[in-house]
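Chain and residue survey
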Amino acid sequence: MKHATPKATQHINQNEGLIFEKSSAGKAAWKLPPLDVPEVDTKELLGLSERKDLGQMPEVSEIEIIRHFTRLSTWNYAIDLGMYPLGSCTMKYNPRVNEVVSRLDGLANGHPYQPEKISQGALRILQTLSECLIEITGMDAITLQPAAGAHGELTGLLMVRAYHESKGAPRKKILIPDSAHGTNPATAAMVGYAVENLKSNARGMVDVAALASQMNEDVAALMLTNPNTLGVFEQEIYKIAEIMHAKGGLLYMDGANMNALVGKVRPGDFGVDLMHLNLHKTFSTPHGGGGPGSGPVAIKKMLQPFLPTPVVITKPDGSLGFDYNRPQSVGRVRAFYGNFGMFVRALAYTLANGPDGLRQTTEDAVLNANYIRKGLEGVYDLPYSTPTMHEVVFSDKLQAKKGVKTMDIAKRLIDYGFHPYTTAFPLIVPGALMIEPTESEPKEELDLFIDAMKSIAQEVEEDPQMVLDAPHTTRVSRLDEVAAARKPVLRWKPAQ
Amino acid sequence: MRYLPKSPADREAMLKAIGARSIDDLFAPIPAEYRLNRDLKVPRQMAESEIVDWFRERSRENGDGYATFLGAGAYYHYRPVIIDSLISRGEFLTAYTPYQAEISQGTLQSIFEFQTMICELTGMEVANASMYDGSTAAAEAVMMAARLTGRDSVVIARSVHPEYREVLATYAHHQGMPLSTVPFTDNARLDLNQLDKSITTDTACVLIQSPNFFGTIEDINAIAEIAHQRGAMLVVSIAEAVSLGIVEPPRQADIIAMEAQSFGVPLGFGGPYCGVIATREQYVRQMPGRLVGQTTDRNGKRGFVLTLATREQHIRRERATSNICTNQALIALMANIFMTIYGKVGLRELAKQNLAKAAYAAQQFGKYAKVLFSGAPRFNEFALQTSEDPYAINNQLLEHKIVGGFPLKKFYPELGNTALWCCTEMTTRASIDTAVRLVAESESSAQSAKSAVQDVQEVVR
């Protein structure tokens, strides 16, 4: 490498094939206890339904499995290794006590259908978390059932639809700003709504005049991310809410960026009618390589009849239980009650913080993003100079003159020991570099990041080809994604 | 706050570098009238030891230490300890979706192995990287069938998990997708005559579950033949994945929607679980969810990437195959490790123990109460009809730290006093024998009460 980087050093790591390539007959990593009931004749019990062969399933020993997955793990970048500045994804520290409490026997082994009288612990967790989230968002009620953010959006729009139907007609359209996450329009389509695009103004915010002219009785709701995907707070939020409400529409807030607001301002106080939260972003549950998430939806009172079934209630005797008798409900969006294990973690996080910790967390997240903005302004193009909240979006305009795009800079960042930022999103910024440090980064890590980004900008000037060829230090170089899509190989097969 | 890595001096220095007087300057974009000028009313900041204590208390209130006969879509199987050792590695736990392939090969390769094993177990050609759970996977599979066939309506077996059917109803409602339900017969298998009558030229697919909600294995051949003859697809939901160790998979299906919870995922009061969709290669471009594919790097070295992303919401927005974004990667990793541990031989032996325990329990219970639905093969669940209300029986069992079968009244009122009992390799003979004894006692007292009433009636007459 041309410039030595203080953040990372290359070191040896192990090669490892696919697990199937290690398999051989007779190896085993399992042992069952002796059967304490009579053996059965499987043929007699199952007849033609009996399975004879499990094909290419592997046969390996326990140490091989430990090494296999440990080796694979060392090929991943992770928050535990360093800053993971993916904009919009909120890669913050995942506290370990959350993992411990979610594995306590009564919680980890609780069956969803066990009688309510021996489920009071789980019900209390559902209720306590609900109360905390309602207070944090300033809303009136909540469902924890949705399994992820996009699933929360689906649940929210189902309630929007049910609400309008109860008023006479479901309406036809959902307004979505051009800066929105792709899940917003995809969700609207799933609920049978047409999508109408809403243009941003020159400051990267909703064009309020355009909204006023596009809003009419056909519009069911506006789906708004606030702060939006540029990390900009919609300053005219109350005007936006008023325009929606005046024509009977609802204001849906995509809560993906709620980590910029917790303890400082509450969506319920600025006119939002319903919103989803991403427990895996704001509330620190682990991303786990892409799930599980959890996407509770908080709502205002008028939407309460439409909540998915069941809801947690306090019964006359003071105990907690589930209420299934909700005739106006949108129905169920998932079996059982949602990703309970994530509720345990999110609640543990909330308890660890308390009101002061939650507020300080938000302040540090915003402080970190502004510190990066200050450090990189001028080095990278800042398309919107509007104040930054928890994330900052630059563009590759300056570097593109040398033929280097945002993805190339991102790949080079890997060589400096960082995970890349989010590339090419939001769509309203061509060649976007979307950077979200979260509150979890110390000043030293931020300084290393700023230095790395400056150094790459310099490399682009001096030796653009080197940046185009990055990363140079990973176990694989850039992978051929076109070939992967053209002739998909989606599973291993034994050599013929 | 112990998770925040800054000293007051750091914050000062950073504010100074930014050119802000105080942190409030950075929140100036929020109109003052909406700013929260008080503490949130949430519990005060707690020490780690207090947090552990609080949740221990909740754990104790939550059926800790009970033996369970509950199944019904969530199964209590042994979880080998190395599952948690491995998924607790920060490089798996705290990584994001593997968009940056060069530094995500661990996650990507493990998903590729997961896809391969799901294909092997289901007999399908391709499997995705996971879905939220079995219920949403079934709903998404049905919508996929509608896209593939260009047809709108769906025929569902009444023996599909009732909550899966509710989820499908929610999803289908706004897709303009009419649903019709086909009953089951005396052996709990799908009523083939009714199935035949229910399929029209507008039927996109038939959705069944096997083993079905009652634990009965469906006649896949016959159902597939009827569906396919009429141009409809067959979608099979599998809620008890361990069954695949000994039950022939529904190879004739066009799409399989699975719940992989049984593969090493804790019951966790209902989630997170791990749905999966598997199908034939020719349908892959209509499949929702993330997919990992094999490719090579610039030096010809094998590597893995997320692929066929043009199906997905971040590219196609409102024209995507689904709005699903992330999957259940960490839970899929649990399932992956579980499948690797048991493998080709262990999975069969494990399934065989489940079969044996349930067969023994059904036989023992059958001496004192009525096991319904004989005449078709079952896996590890059976329906038991009693004279006494199963809720009352379960209350008695709870006194002995046993959670009895799942009362079916709520979803199948026509079955009366029937509960769905499940046995896995975790169910001991001792707990089966105790439960049988308690049910026998309850039945005999119910019987004598009944005959006493009859005696009285006869005397009166």
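As shown above, the structure is provided for reference.
These remarks concern the structure in this document.

Calculation criteria
Residues numbered from 1 in each chain as written. Chains lettered and ligands numbered in written order. Predicted model: local features only at pLDDT ≥ 70, side-chain atom pairs only at ≥ 80, totals over all residues. Heavy atoms only, no water. Helix = DSSP H or I, 4+ residues; strand = E, 2+ residues; numbered from the N terminus. Buried < 20%, exposed > 50% of the residue type's maximum accessible area, 1.4 Å probe, protein only. Contact = heavy atoms within 4.5 Å. Areas by Shrake-Rupley, 256 points an atom, 1.4 Å probe, with all protein chains shown as cover. Lys, Arg positive; Asp, Glu negative; His and termini not counted. Charge placed at Lys NZ, Arg CZ, Asp CG, Glu CD. Rg over C-alpha atoms; globule rule 2.2 N^0.38 Å. Pairing = 2+ DSSP bridges. Buried area = accessible area lost by both parts, 1.4 Å probe. Salt bridge = Lys/Arg side-chain N within 4 Å of Asp/Glu carboxyl O. Polar contact = N/O pair within 3.5 Å; in protein donor to acceptor, adjacent residues only side chain to side chain. Nonpolar A, V, L, I, M, F, W, Y, C, P; charged D, E, K, R; others polar. Axes fitted to C-alpha atoms, helices over the stretch in contact; angles between N-to-C directions. Parallel < 35°, antiparallel > 145°, perpendicular 65-115°, else oblique. Left-handed = near helix turned anticlockwise from the far one by under 90°. Phe/Tyr/Trp six-rings, centres within 6.5 Å; stacked < 30°, edge-to-face > 60°. Lys NZ or Arg CZ within 6 Å of the ring centre and 35° of its normal. Disulfide = S-S within 2.5 Å.

**Let's talk about the overall build of chain B**
- For chain B, the count of helices and strands is 14 helices and 15 strands.
- By principal-axis analysis of the C-alpha atoms, chain B measures approximately 100 × 55 × 50 Å.
- Relative to its 461 residues, chain B shows a buried fraction of 66%.
- A sequence separation of at least 24 residues applies to 71% of the contacts in chain B between residues at least 6 apart.
- Approximately 15500 Å² of chain B is accessible, and the part contributed by carbon and sulfur atoms is 48%.
- Between the mean site of the 46 positive side-chain charges and the mean site of the 50 negative ones, chain B shows a separation of 3 Å.

**Here's the deal with the overall build of chain A**
- If you tally the helices and strands in chain A, you get 15 helices and 12 strands.
- For 496 residues, the compact-globule estimate of 2.2 N^0.38 gives 23 Å, and the C-alpha radius of gyration of chain A, at 25 Å, lies within 12% of that figure.
- Oriented by its inertia axes, the alpha-carbon framework of chain A measures out at about 75 × 70 × 45 Å.
- Residues counted as buried form 67% of the 496 residues belonging to chain A.

**A look at the pairing of strand β7 (residues 255-259) of chain B**
All names here are of chain B.
- When you tally the buried positions in β7, you get 5 out of 5 residues, the bulk of the element.
- Residues of β7 alternate between two faces, with Ile 255, Ala 257 and Glu 259 on one and Ile 256 and Met 258 on the opposite face, all of them buried.
- By the bridge criterion, 4 bridges tie strand β6 (residues 233-238) to β7 in an arrangement that is parallel. Counted as the bridge partner of Ser 237 is Ala 257 from β7.
- Bridge analysis of β7 against strand β8 (residues 275-279) gives 5 bridges, and the strand direction is antiparallel. Within the sheet, the bridge partner assigned to Met 258 lies in β8 and is Val 276.

**Notes on the interface of chain B and chain A**
- With 183 residues of chain B at the interface, the matching set in chain A holds 202 residues.
- When the two sides are added together, the surface that chain B and chain A hide from each other amounts to roughly 17000 Å², 64% of it contributed by carbon and sulfur.
- On the chain B side of the interface with chain A, the three residues burying the most area are B:Glu102, B:Phe269 and B:Lys344, jointly 6% of the side's total.
- Across the contact surface, chain B and chain A share 14 salt bridges.
- Here A:Lys411 makes a salt bridge to B:Glu102, at a shortest N to O gap of 2.7 Å.
- Run the count over chain B and chain A and you get 87 residue pairs in polar contact (both at pLDDT 80 or more).
- For the side of chain B that touches chain A, the element with the highest residue contribution is helix α12 (residues 329-365) of chain B, accounting for 25 residues.
- A breakdown of the residues in the side of chain B that touches chain A according to their chemical character gives 88 nonpolar, 50 polar and 45 charged.

**What about the sheet that holds strand β6 (residues 274-277) of chain A?**
Residues and elements named next belong to chain A.
- Judged by pairing direction, the sheet is mixed, and its 7 strands sit side by side in the order β1-β7-β6-β5-β4-β2-β3 without closing on themselves. Looking at strand neighbours, the two that pair on one side only are β1 (141-143) and β3 (194-198), the edges of this open sheet. Ignoring which end each strand starts from, the neighbouring axes of this sheet average 25 degrees apart.
- As paired elements, strand β2 (residues 173-177) and β3 share 5 bridges and run parallel to each other.

**Thoughts on the sheet that holds strand β12 (residues 381-385) of chain B**
Residue and element names in this part refer to chain B.
- An order of β11-β12-β15-β14 is seen for the 4 strands of this open sheet, with the pairing classed as antiparallel. Of all the strands in the sheet, just β11 (370-371) and β14 (406-407) have a single pairing partner and so form its edges.
- Its contacts with the sheet place α12 against β11, β12 and β15 (418-422), and it is angled at close to 10 degrees to β12.

**Observations concerning the pattern of salt bridges**
- Applying the stated criterion to the full structure yields 49 salt bridges over all chains.
- A salt bridge links A:Glu116 to A:Lys315, with the nearest nitrogen and oxygen atoms 2.7 Å apart. Pair noted here: A:Glu116 is in the loop between α4 (105-108) and α5 (120-137) and A:Lys315 is in the loop between β8 (311-314) and β9 (320-323), with a separation of 199 residues, a long-range link.
- Judged by its relative accessible area of 29%, A:Lys315 is partly exposed.
- Between B:Glu91 and B:Arg89 there is a salt bridge, and its shortest N-O distance comes to 2.9 Å.

**A short note on the packing of helix α6 (residues 149-166) of chain A against helix α7 (residues 183-190) of chain A**
All names here are of chain A.
- With their axes 9 Å apart at the nearest point, α6 and α7 run at an angle of 45 degrees to one another. If you check the angle between α6 and α7, you find them oblique. In this structure, α6 meets α7 at a crossing whose hand is right-handed. Touching Ala 150, Glu 153, Leu 154 and Leu 157 of α6 are Thr 183, Asn 184, Thr 187, Ala 188 and Met 190, all from α7.

**Some thoughts on the packing of aromatic side chains**
- Counted by the stated rule, this structure contains 34 aromatic pairs over all chains.
- Summarising the aromatic geometry, the rings of B:Phe406 and B:Phe411 are spaced 6.1 Å apart at their centres and angled 40 degrees between planes, so their arrangement reads as tilted. The two residues B:Phe406 and B:Phe411 agree in class, both being buried.
- Grouped by ring-pair contacts, the aromatic residues A:Tyr113, A:Phe336, B:Phe184, B:Phe213, B:Phe214, B:Tyr273, B:Phe373, B:Phe406, B:Phe411 and B:Tyr412 constitute a single cluster.
- It is A:Arg475 that lies over the ring of A:Trp75; its NZ or CZ is 3.9 Å from the centre.
- Residue placement shows B:Arg58 over the ring face of B:Trp54; its charged tip is 4.6 Å from the ring centre.

**Quick notes on the side chain of A:Thr90**
Residue and element names in this part refer to chain A.
- Relative to the helices and strands, Thr 90 resides in the loop between α2 (62-73) and α3 (96-102).
- The class for Thr 90 is buried, based on a relative accessible area of 0%.
- At a separation of 2.9 Å, a polar atom in the side chain of Thr 90 contacts the side chain of Glu 436.
- Non-local contacts of Thr 90, meaning those with residues more than four positions away in its chain, are made with Ala 256, Asn 259, His 280, Lys 281, Thr 282, His 287, Glu 436 and Thr 438.

**Description of the state of the cysteines**
- In total, this model carries 0 disulfides over all chains according to the counting rule given.
- Cysteine B:Cys274 is unpaired, with the sulfur of B:Cys119 as its nearest cysteine sulfur at 14 Å.

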